[in-house]
Amino acid sequence: MNETLHVLAELGWRCAALSLVAIGGINAILPEVHRVVVDVEHWMSSADFAELFALAQLAPGPNAMVIALIGWKVAGVAGAFVATIAICGPSSLLCYGALHWWDRLREWPRRAVVARALAPVAIGLILASGYTLARGADRTVVAGALTLAAAAALAFTRINPVWVLAAAALIGTAGWAG
Amino acid sequence: MSNGATAHASGLPEAEGLAHVSRGALFAASLKIGLLGFGGVMPWARRVFVDERRWLTDRGFAELIGMCQVLPGPNVVNLAVIIGSRAQGPMGSLIALTGILFVPVVIVLVLATFYASVATSPWARNAIAAASAAGAGLILGTATRLLIQTRPPVRGLVMGAAAFVTIGVLQWPLLWVLPALVAAAIAWEWHAAP
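Residues numbered from 1 in each chain as written. Chains lettered and ligands numbered in written order. Predicted model: local features only at pLDDT ≥ 70, side-chain atom pairs only at ≥ 80, totals over all residues. Heavy atoms only, no water.

Chemist: Talk me through the overall build of chain A; I want residue IDs and the actual numbers.
Modeler: A count of helices and strands for chain A gives seven helices and zero strands. Put simply, chain A runs from its N terminus to its C terminus through helices and strands in the order α-α-α-α-α-α-α. Over its C-alpha atoms chain A spans a radius of gyration of 20 Å, topping by over 25% the 16 Å that the globule rule assigns to 178 residues. By principal-axis analysis of the C-alpha atoms, chain A measures approximately 55 × 55 × 25 Å. The buried share of chain A, reckoned over its 178 residues, is 48%. Of all intrachain contacts in chain A linking residues separated by at least 6 positions in sequence, the fraction that spans at least 24 positions is 53%. Surface summary for chain A: the accessible area is close to 8100 Å², and the carbon and sulfur share equals 67%. Of the side chains in chain A, 11 bear a positive and 10 a negative charge, and the two mean positions are spaced by 16 Å. (Helix = DSSP H or I, 4+ residues; strand = E, 2+ residues; numbered from the N terminus. Rg over C-alpha atoms; globule rule 2.2 N^0.38 Å. Buried < 20%, exposed > 50% of the residue type's maximum accessible area, 1.4 Å probe, protein only. Contact = heavy atoms within 4.5 Å. Areas by Shrake-Rupley, 256 points an atom, 1.4 Å probe, with all protein chains shown as cover. Lys, Arg positive; Asp, Glu negative; His and termini not counted. Charge placed at Lys NZ, Arg CZ, Asp CG, Glu CD.)

In structure tokens form, the structure reads like this:
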């Protein structure tokens, strides 16, 4: 029992620390997560880590799901919830505080200037994360074509993305995209 | 988009449509994003918040995402905190987080339990590989749509391109590049703003 609590506490503080350095989200700190989980804590092998990452991609929800799975692997369902709360808690509190500070700047005439400056950088970063994922996923011409078709569908039509993903999966079962 | 223009004139684009969103509506929207967000939640967040519910304009969405990216933590989790707070204060943040984050956690745990039997099937692996490729496309399409809708000036396009090339193509460490990009973007906008 004490052993379990010890592991949960270790998991909690490791994830809480990662939470506060995760600028750019979970994908940006994956190498650091790997270092902590595999090399420092020896909670699992590198192959286990890769498998959990693939599993997180398979499920709906944010990229932070991989952290929930790491917690699950280390300490079961309790581990999954401790890891999720710890990876999101500190950054969420910081975000909430930052939002209120930002709202207090309401009278500051240059506030809109800062917001306007951030928007295009944000779009560039979304583009970068799509590109990074595409580089990993597009191992064949068909996969590349699926990426382009999905991008065009979302950018220029109002097709529900569910149909885009379902159609891609269906085409994939033929075995051309792997 | 006339709605967007007036909203922006008030200087508070992100707060405009969110002030009177009920807790139930907030949870329903967050849950939808959490449950449908296969291969990335960002495309769904934009679709639900901007296209379907019209709580935000494209410009307001891009500005909020910018703020979420500068702060540490998962971007979509930060977005849930902000949108929830705008609608219903601290309780709203918790409601949005529950829908976007905790319900998918339960699903992923169920999935993890059955994973071993699915992972060995070749057709499932092929379907997942194809869906991942399309998922990357959805994110690229979301960025393209935001670009078209917000029509940034040349200085914005330059800063956006700089972010894409340094982080996406060159894979430089975000922790160092992002502060520099943000500082440069604000300085340029500041200098150019009327």
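Still more to cover.
Chemist: Residue-level account of the interface of chain B and chain A, with values.
Modeler: The accessible area lost on association of the parts is a frequent measure of interface size. Taken together, the contact pairs 95 residues of chain B with 92 residues of chain A. Of the roughly 8300 Å² buried where chain B meets chain A, counting both sides, 77% is carbon and sulfur surface. Per-residue buried area on chain B facing chain A is highest for Pro-72, Tyr-115 and Trp-190 of chain B; these three make up 7% of the total on that side. Residues Asp-51 of chain B and Arg-158 of chain A are paired through a salt bridge, measuring 3.4 Å at the closest nitrogen-oxygen approach. (Buried area = accessible area lost by both parts, 1.4 Å probe. Salt bridge = Lys/Arg side-chain N within 4 Å of Asp/Glu carboxyl O.)

Chemist: Requested: an account of a nonpolar patch on the surface, with residues and values cited.
Modeler: Residue and element names in this part refer to chain B. Together, Val-165, Val-169, Leu-170 and Trp-172 give the surface a local cluster of nonpolar side chains, amounting to about 340 Å² of exposed area. On the secondary structure map, Val-169 appears in helix 7 (residues 154-169). On the accessibility criterion, Val-169 (33% relative accessible area) is partly exposed. (Patch = residues over 30% accessible without salt bridge, like charges linked within 9 Å, V, L, I, M, F, W, Y side chains within 5 Å.)

Chemist: Break down helix 3 (residues 42-52) of chain B for me, with residues and values.
Modeler: Because each turn of an α-helix spans 3.6 residues, side chains separated by three or four positions end up pointing in the same direction. Residue and element names in this part refer to chain B. Counting buried residues along helix 3, 10 of its 11 residues qualify, which places the element largely inside the surrounding structure. Among all positions in helix 3, only Met-42, Pro-43, Trp-44, Ala-45, Arg-46, Arg-47, Val-48, Phe-49, Val-50 and Asp-51 are buried. Directly beyond the C-terminal end of helix 3, a positive phi value near 55 degrees is found at Arg-54.

Chemist: Describe in detail the nonpolar core, supporting the description with residues and values.
Modeler: One finds Phe-49, Phe-61 and Leu-79 of chain B to be the most contacted residues of the largest nonpolar core, which totals 100 residues. At 18 residues, helix 5 (residues 75-119) of chain B tops the list of elements feeding residues into this core. Every residue in contact with Phe-61 of chain B, bar those within four places of it in the chain, is listed here: Met-42, Ala-45, Arg-46, Val-50, Leu-56, Leu-79 and Leu-146 of chain B. Grouped together as the second largest cluster of nonpolar side chains are 13 residues, Val-164 and Ala-168 of chain A together with Ala-130 and Leu-138 of chain B included. (Core = buried A, V, L, I, M, F, W, Y, C linked by side-chain atoms within 4.5 Å.)

Chemist: I'd like a rundown of the packing of helix 5 (residues 111-137) of chain A against helix 8 (residues 174-192) of chain B, residues and numbers included.
Modeler: At a closest axis distance of 8 Å, the pairing of helix 5 of chain A and helix 8 of chain B adopts a crossing angle of 135 degrees. One way to sum up the angle between helix 5 of chain A and helix 8 of chain B is to call them oblique. Considering only the axes of helix 5 of chain A and helix 8 of chain B, their crossing is right-handed. Across the interface between the two elements, Val-113, Val-114, Arg-116, Ala-117, Leu-118, Val-121 and Leu-125 of chain A of helix 5 of chain A pack against Leu-174, Leu-178, Val-182, Ala-185, Ile-186, Glu-189 and Trp-190 of chain B of helix 8 of chain B. (Axes fitted to C-alpha atoms, helices over the stretch in contact; angles between N-to-C directions. Parallel < 35°, antiparallel > 145°, perpendicular 65-115°, else oblique. Left-handed = near helix turned anticlockwise from the far one by under 90°.)

Chemist: Outline unusual backbone geometry, listing residues and values.
Modeler: Residues and elements named next belong to chain B. You will see that Arg-54, though not glycine, has its phi angle at about 55 degrees, which is positive. Examined against the element boundaries, Arg-54 turns out to sit in the loop between helix 3 and helix 4 (58-70). Of note in the backbone geometry, Arg-151 takes a positive phi value of approximately 40 degrees without being a glycine. Locating Arg-151 in the fold gives a position in the loop between helix 6 (122-150) and helix 7. For Arg-151, a relative accessible area of 67% corresponds to the exposed category.

Chemist: Describe in detail the environment of Ala-133 of chain B, supporting the description with residues and values.
Modeler: Along the chain, Ala-133 of chain B turns up in helix 6. Exposure remark for Ala-133 of chain B: the relative accessible area of 0% places this residue in the buried category. Apart from residues lying up to four places away in sequence, Ala-133 of chain B is in contact with Ala-137, Asp-138, Ala-143, Leu-146 and Thr-147 of chain A.

Chemist: Go over the packing of aromatic side chains with me, naming the residues and quoting the values.
Modeler: Summed over the entire model, instances satisfying the criterion amount to four aromatic pairs over all chains. Measuring from centroid to centroid gives 6.4 Å for Phe-81 of chain A and Phe-102 of chain B, while their planes differ by 5 degrees, and the two rings are stacked. Within this pair, whereas Phe-81 of chain A is found in helix 4 (residues 65-104), its partner Phe-102 of chain B is found in helix 5, the two belonging to separate chains. Of the residues examined, Phe-81 of chain A reaches a relative accessible area of 28% and is grouped as partly exposed. Plain terms: the ring middles of Tyr-131 of chain A and Phe-164 of chain B are 5.4 Å apart, the flat faces sit at 75 degrees to each other, and that makes the pair edge-to-face. (Phe/Tyr/Trp six-rings, centres within 6.5 Å; stacked < 30°, edge-to-face > 60°.)

Chemist: Mind laying out the side chain of Asn-75 of chain B, listing which residues take part and the relevant values?
Modeler: When you line up the elements, Asn-75 of chain B lands in helix 5. We classify Asn-75 of chain B as buried; its relative accessible area is 13%. The contacts of Asn-75 of chain B, once residues within four sequence positions are left out, are Gly-24 and Gly-25 of chain A together with Met-42, Cys-68 and Gln-69 of chain B.

Chemist: Now, about the pattern of salt bridges: what can you tell me, with residues and values included?
Modeler: Side chains that carry opposite charge are capable of pairing whenever their charged atoms lie near each other. In the structure shown here, the tally under the stated rule is 12 salt bridges over all chains. The shortest N-O distance in the salt bridge between Glu-52 of chain B and Arg-47 of chain B comes to 3.5 Å. You can call Glu-52 of chain B partly exposed: its relative accessible area is 31%. It is possible to trace a salt-bridge network through shared partners that takes in Arg-158 of chain A together with Arg-46, Asp-51 and Asp-58 of chain B.

Chemist: Let's hear about the confidence of the model for chain A: which residues, and what values?
Modeler: Averaged over every residue, the pLDDT of chain A is 88; the share at 70 or more is 98%. Averaged over each element, pLDDT in chain A is lowest for helix 3 (residues 46-58) of chain A (80) and highest for helix 6 (residues 141-156) of chain A (95). (pLDDT = per-residue confidence, 0-100.)

Chemist: Account for the environment of Gly-130 of chain A, with residues named and values stated.
Modeler: With respect to the helices and strands, Gly-130 of chain A occurs in helix 5. Given the relative accessible area of 0%, Gly-130 of chain A is considered buried. When near neighbours in sequence (up to four residues on either side) are disregarded, Gly-130 of chain A contacts Ala-136, Ile-139 and Leu-140 of chain B.

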